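Chain by chain, the residues:
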Amino acid sequence: MNISKEIWELTRCEVFRLELHQLLLWIFHQHLASYFCTCIVVGTNRVGHWTAATEQFPHPVIIVNLSSNEPNVLLQAIENGCQTFILAQSTAITFLDQFHYVHDRAIARYSQKRIVIIHDEPPENERTILKHSAVCDLMDLLLVRPQPDHNRVDLLTNEVETDEWMLLHSFSTSSPAPLSVNLFPNRRTNLRGRYVRLAIFNYEPYTLWSSVEDSDVANAFYQHNRSLAIDGTESRLFVEFCAKLNCSLEISLDEAGEWGQIYDNRTGDGIIGALVERRADVGVGALYSWYHESLYLALSKPISRTGVTCVVPKPLPLSSWMIGILPFSTVLWLAVLATICVSTIFEVMFNFVTQKFRASESHRVDVCESMMGVISIFILQAVLLRTNRNPYSSQMILIGSLLFVGLMIGNAYSGGLASVMTVPRYEKSIDTVQDLADRNLRWGSTHDAWIFSIQLATQPTIVKLLDNFVTYPKDVLHEQAKHRNLAFSIERLPYGHYAVGDYITVEVSKNYEIMLEDIYWENCVAMATKTWPLMNELDELTLVIFQSGIQRYWELEVVTKFADNKVQHAISISRHFDNPGPIPLQPSHLLGAFFLLAVGLGLGLVCLLLELLWHRLSTRQRTMVDHTTQNERPLGLL
């Protein structure tokens, strides 16, 4: 009788194991086969009997032995495409301990992972699994708990709100598995008030927050108290996100860190620092598709497009003493001077050669007279032509060509001078990136995040801009704005507005103008931890909102409500200069002529003094020579 009982128990166990195998085969094929790769995580060299159910998988299966001495074995499996994991319960804690570590260092990112845990230990360990911190990032978790004594298999999942297992279904091993049972229900559509930790800081018009006392006015939590009201073009995206998925926004704030930075030891500050340290799940606030940060975090679909440019000091009116030289450009002035010099050389050469034809006269040529004659032609003055001295056709042709060229140049100068004296002239404005680099003007803001997107650039112009970028606190930037010695980075928003720091006030904005060209453009994204399970839902909502066009209304409403509209208006019209029309001439218009006269008189006086000094020295030297000569004469000759 005892032998029969033992045989019965053995047979029942084998039958139960076979039926459990069939149930696991159904689970794997029904709920895991659509993924790219499955990893079977074991703790010993023995792969459990239940792993035989994966032999007929239509996709690759990787066996991961956590007890082996091979480092990064789980990391390599994830890099090879593991999206679903089958765990023995005895290895679950070890796997969860490594879950965040290996996923943070993996390049491959899959936000929706499915975990199947096969029960092989006492149920006390099940509660420890639910209390693990990594379970918060696992929304598709299935526990297979065999009950051989009751001839059934319980299938459970984690309850989002409580640390309890929730029974999905109990399968009797004697009956086939019903195909209608969904072992991985989509619980992302209703998060039942689950906290989504959002990292932001005050940066209009993207993200703004303020403390409120009335909880009915608040739409976000801070330290689990409903005490914050957030707004902004990107904050509204997450307000809609939680309204759709029934979650609660828990805000993480770091105003001093702003965008923040990530250090090599995986710590940081600001928004991205909170994410890499897992103090927040997702962050937003004019975050771009930065390469360095993409190695540590997951990036969402683009939320909006933005262009980074600068407001630069407006060009000042040119000094009045420059009026005389403004009609011609530097190149044209050089051409005119070269023409005068060449013409003078030809005039001297013609005079010298033609005088040789008259042997009775001396061959002396007055260079100063020739030069003054050429200059007189170019300034439209009368020239004395001595045909009796040089009655030759070559001289007539030379003088005729000079008169023709001088007429054109003189009239062109007169027309340009009339224009300069009635229409104000300004310094060259900074319109392009090349202009900003050539001017060697420093530009900056409060954080290095403005240059994260171009730090890997190799173009000489961009490299020079990187060298000229500076960061200062807001009060220092405001003070620098008063002195017009710094350009300030701003964002050109997609619907005609600007993201401007509050250190650009109405008073200083009148002295600045926006560049015509963007330094670069970027896509604004949301950044999250690599294991945040709601990235797909955020991407779907982002694309729906983008195609709806409601962001245009959001931008207008937020800028109108929070930004300084006078600053926005000043920047938008900074390239439009008032046209005063014809203006009466003032004494300042002749300052250039007076300046040239003063220079001429001064140079003439200096030359006169030098000539007097030279004449006096020459006379004294001649007197000394004559006196010495007289003293050396013989006495008989006296």
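This text goes with the structure placed above it.
Residues numbered from 1 in each chain as written. Predicted model: local features only at pLDDT ≥ 70, side-chain atom pairs only at ≥ 80, totals over all residues. Heavy atoms only, no water.

1. Description of unusual backbone geometry
Moving on, step 1. Between Glu204 and the following residue, Pro205, the backbone shows a cis peptide bond with an omega angle of 0 degrees.
Moving on, step 2. One can find Pro205 in the loop between strand E8 (194-200) and strand E9 (208-211).
Moving on, step 3. At Asn246, a position not held by glycine, the phi torsion is positive, near 60 degrees.
Moving on, step 4. Position of Asn246 among the secondary structure elements: in the loop between helix H5 (235-245) and strand E12 (247-253).
Moving on, step 5. The exposure class assigned to Asn246 is partly exposed, which follows from its relative accessible area of 38%.
Moving on, step 6. Phi is positive for Glu258, which is not a glycine, with a value near 50 degrees.
Moving on, step 7. With respect to the element layout, Glu258 can be found in the loop between E12 and strand E13 (261-262).
Moving on, step 8. A relative accessible area of 11% places Glu258 in the buried class. (Helix = DSSP H or I, 4+ residues; strand = E, 2+ residues; numbered from the N terminus. Buried < 20%, exposed > 50% of the residue type's maximum accessible area, 1.4 Å probe, protein only.)

2. Structural notes on the sheet that holds strand E2 (residues 61-65)
Moving on, step 1. The mixed open sheet is built from seven strands, whose spatial order is E2-E1-E3-E4-E5-E6-E7. Every other strand in the sheet has two partners, leaving E2 and strand E7 (165-172) as the edge strands with one partner each. Strand-to-strand, the axes of this sheet are offset by a mean angle of 20 degrees, without reference to chain direction.
Moving on, step 2. The sheet contact formed by strand E4 (residues 114-118) and strand E5 (residues 141-147) spans four bridges and is parallel. Bridge pairing in E5 links Ile115 to Leu141.
Moving on, step 3. Together, strand E1 (38-42), strand E3 (84-88) and E4 form the strand contacts of helix H3 (residues 89-105), whose direction differs from that of E3 by roughly 125 degrees. (Pairing = 2+ DSSP bridges. Axes fitted to C-alpha atoms, helices over the stretch in contact; angles between N-to-C directions. Contact = heavy atoms within 4.5 Å.)

3. Description of the nonpolar core
Moving on, step 1. Membership of the largest hydrophobic core comes to 45 residues, with the highest contact counts inside it found for Trp259, Leu436 and Trp443.
Moving on, step 2. Elements that contribute at least two residues to this core include exactly helix H6 (270-276), strand E15 (282-288), strand E17 (304-313), helix H11 (433-438), helix H12 (460-468) and strand E23 (520-528).
Moving on, step 3. Per element, the largest residue contribution to this core is five residues, and it comes from H6.
Moving on, step 4. Ranked by size, the runner-up nonpolar core spans 30 residues in total, among them Leu75, Ile78, Leu96 and Leu138. (Core = buried A, V, L, I, M, F, W, Y, C linked by side-chain atoms within 4.5 Å.)

4. Here's the deal with the environment of Asn190
Moving on, step 1. Tracing the sequence through the fold places Asn190 in the loop between E7 and E8.
Moving on, step 2. Relative accessible area serves as the criterion here: at 37%, Asn190 is assigned to the partly exposed category.
Moving on, step 3. In this structure the C-alpha to C-alpha distance between Asn190 and Asn246, which are 56 residues apart in sequence, comes to 5.5 Å.
Moving on, step 4. Excluding its chain neighbours within four sequence positions, the residues that come into contact with Asn190 are Leu245 and Asn246.
Moving on, step 5. Among the polar contacts made by the side chain of Asn190, one reaches the main-chain amide nitrogen of Arg192 at a distance of 3.1 Å. (Polar contact = N/O pair within 3.5 Å; in protein donor to acceptor, adjacent residues only side chain to side chain.)

5. Re the state of the cysteines
Moving on, step 1. Using the criterion set out here, one finds two disulfides in the structure.
Moving on, step 2. Here Cys39 engages in a disulfide with Cys82; their sulfurs sit 1.7 Å apart. Negative torsions about the S-S bond denote left-handed disulfides, and the value of about 75 degrees found for Cys39 with Cys82 makes this one right-handed. Here the residue Cys39 occupies a position in strand E1, and Cys82 occupies one in the loop between helix H2 (73-79) and E3, the gap between them amounting to 43 residues. Exposure class is identical for Cys39 and Cys82. Each is buried.
Moving on, step 3. Here Cys242 connects covalently by a disulfide to Cys247, the sulfurs 2.3 Å from one another. Because the sign of the S-S torsion sets the handedness, a value of about -100 degrees for the bond joining Cys242 and Cys247 places this disulfide among the left-handed ones. (Disulfide = S-S within 2.5 Å.)

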